[in-house]
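Summary of structural features
Read off the chains here:
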Amino acid sequence: MPYPVRLNPYLPVLREETETWAREMGMLAGYEAPSARLIWTRSQFHAMAVDQLTAWTLPDASLVGLRLNHRFNLWALAWDDYFASAFKQTGDLAGAQAFTARLHAFLPPEPDARVPEPANAVEKGMADLQQRLFPPRLAHWRQGLNRALARYIDAGVQELVNSRAGRVPDLIEYAQFRRESFAAYTAPYSVELATGARIPERIRHSRTVCALLDAFMDYMGLANDIASYQREVHEEYDVNNLVVVLGTSRGSTVQEAMQAAADLVTARLRHFEHLIQSELPPLVQRAGLDRGEQIELEAWLRGARSFLSGLHAWYTGAPRYAPVGGSVPEQRTAGATVPARGRYRSTP
């Protein structure tokens, strides 16, 4: 990670109130409705260090922007942990499909659309966020961000389908899919909210910027696969992980697949920086961006670099990703299968 990690000065404020919203939504023991299913114990909640994640990834955000991103991060992790415990670990595909179909109703394309009464903490959290995520200056994000969230929750069902069938995705397929399953398409919104800057419209859809955003998103999800291998594969019985994908295609051990995954993640980060240094300047010149647009682009890129360095710091430092019992076991990933009950096993 070539970018220095920086800390948002509002972290102490965020830390003081970090439990408040999670309790109000029924994610954490404290003020839950009688019928709500709690997602975290207090110790699990604090082990995630979500306040630290938010302050690392968005060091320049205002308190308002930081607080909103923090709630968004909490919701994404609440969905992830709820889906894993309720559906991935049980193999309940029908339940996952019904849960996901209902959640789509909480992603309306219009601000005044009616939504159902929330039936659980995940739905309640999203209903609350929909009222806060789109202030007037970010109203243009509503449809795009909600489409990204729809792809995120739909990816959970596809992950469960893969795991139940023991189907390890192909690498090319998986690289695209991981952008969806990590909610990486929402990250440009977080950077924009934190910096107040947008990628200028005149170059937003260019080949160079699209490639830059792809590399930006790839680092997030693929690096997470390395950090969360133990958790996903041995606790959630998941096959949707870059280490498993590479190990299966190469017939290699977990340690060899880990190294190959690290090399791929590093290559994506280097490509991200190459595009910024070598391909973006001539594009800016050809497009004739004025000084104001250039300043806005530079601010967004600084925010994107900080986002990646903050994620890296969280992956390598949060108790959520600490391996159980130390090192990763030396086993082979080739021929990975998952029986109907959803349990991962690997065969020599």
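Residues numbered from 1 in each chain as written. Predicted model: local features only at pLDDT ≥ 70, side-chain atom pairs only at ≥ 80, totals over all residues. Heavy atoms only, no water.

For the rest of this paragraph, the subject is helix α9 (residues 171-181). Listing the buried residues of α9 in full gives Tyr174, Phe177, Arg178, Arg179 and Ser181. The inward-facing, buried residues of α9 abut α8 (142-165), α12 (207-227), α13 (229-234) and α14 (242-250). Sitting at the head of α9, Asp170 places a side-chain oxygen 2.9 Å from the backbone nitrogen of Ile172. Following α9 by one or two positions, Ala183 adopts a phi angle in the positive range, close to 60°. (Buried < 20%, exposed > 50% of the residue type's maximum accessible area, 1.4 Å probe, protein only. Helix = DSSP H or I, 4+ residues; strand = E, 2+ residues; numbered from the N terminus. Contact = heavy atoms within 4.5 Å. Polar contact = N/O pair within 3.5 Å; in protein donor to acceptor, adjacent residues only side chain to side chain.)

Our next topic: the side chain of Arg179. Relative to the helices and strands, Arg179 resides in helix α9. A relative accessible area of 11% means that Arg179 is categorised as buried. Residues contacting Arg179, with those up to four places away along its chain left out, are Ala184, Tyr185, Asp214, Met217 and Asp218.

Although it is not a glycine, Ala49 adopts a positive phi angle of roughly 55°. Tracing the backbone shows Ala49 in the loop between α3 (42-47) and α4 (50-57). Phi at Ala183 takes a positive value of approximately 60°, unusual for a residue other than glycine. Looking at the secondary structure, you find Ala183 in the loop between α9 and α10 (187-195).

If you trace the backbone, Arg305 turns up in helix α16 (residues 291-317). For the pair Arg305 and Pro2, spaced 303 residues apart in sequence, the C-alpha to C-alpha distance is 9.1 Å. Ignoring anything within four residues of it in the chain, the contact list for Arg305 reads Tyr3, Phe272, Glu273, Ile276 and Gln277. Of note is the side chain of Arg305, whose polar atom sits 2.7 Å from the side chain of Glu273.

A word on α10. Among the 9 residues of α10, 8 are classified as buried, and the element is accordingly described as predominantly covered. Those residues of α10 not exposed but buried are Ala187, Pro188, Tyr189, Ser190, Val191, Glu192, Leu193 and Ala194. One or two positions beyond α10, positive phi appears at Gly196, with a value near 75°.

What follows concerns the pattern of salt bridges. Scanning the model with the defined rule gives 25 salt bridges in all. Here Asp238 ties to Lys88 by a salt bridge, and the two come within 3.1 Å at their closest N and O atoms. Separated by 150 residues along the polypeptide, Asp238 in the loop between α13 and α14 and Lys88 in helix α5 (residues 63-88) bring together distant segments of the chain. The exposure class of Lys88 is buried, given its relative accessible area of 8%. A salt bridge links Arg178 to Asp225, with the nearest nitrogen and oxygen atoms 3.0 Å apart. Of this pair, Arg178 sits in helix α9 while Asp225 sits in helix α12; the two residues are 47 residues apart in sequence, bridging distant segments of the chain. (Salt bridge = Lys/Arg side-chain N within 4 Å of Asp/Glu carboxyl O.)

Detailed reading of predicted coordinates is not advised where the pLDDT is low. Taken over all residues, the pLDDT of the chain has a mean of 87, while the share at 70 or more is 90%. The secondary-structure element of the chain with the lowest mean pLDDT is α13, recorded at 86, while helix α15 (residues 254-287) shows the highest, at 97. Every residue in residues 32-36 is under pLDDT 50, and counting partners more than four places away or in other chains gives 2 contacts. Between residues 324-348, whose pLDDT stays under 50, and residues either more than four places distant or in other chains, the model counts 71 contacts. (pLDDT = per-residue confidence, 0-100.)

The next subject is the packing of α5 against helix α7 (residues 121-130). At their nearest, the axes of α5 and α7 sit 10 Å apart, and the two run at 155° to each other. Between α5 and α7, the crossing angle belongs to the class labelled roughly antiparallel. Between α5 and α7 lies a crossing whose hand is left-handed. Where α5 approaches α7, its residues Leu68, Arg71, Phe72, Trp75, Ala78, Trp79 and Tyr82 are matched on the opposing element by Val122, Gly125, Met126 and Leu129. Of the residues assigned to the contact of α5 with α7, the class counts are 9 nonpolar, 1 polar and 1 charged. (Axes fitted to C-alpha atoms, helices over the stretch in contact; angles between N-to-C directions. Parallel < 35°, antiparallel > 145°, perpendicular 65-115°, else oblique. Left-handed = near helix turned anticlockwise from the far one by under 90°. Nonpolar A, V, L, I, M, F, W, Y, C, P; charged D, E, K, R; others polar.)

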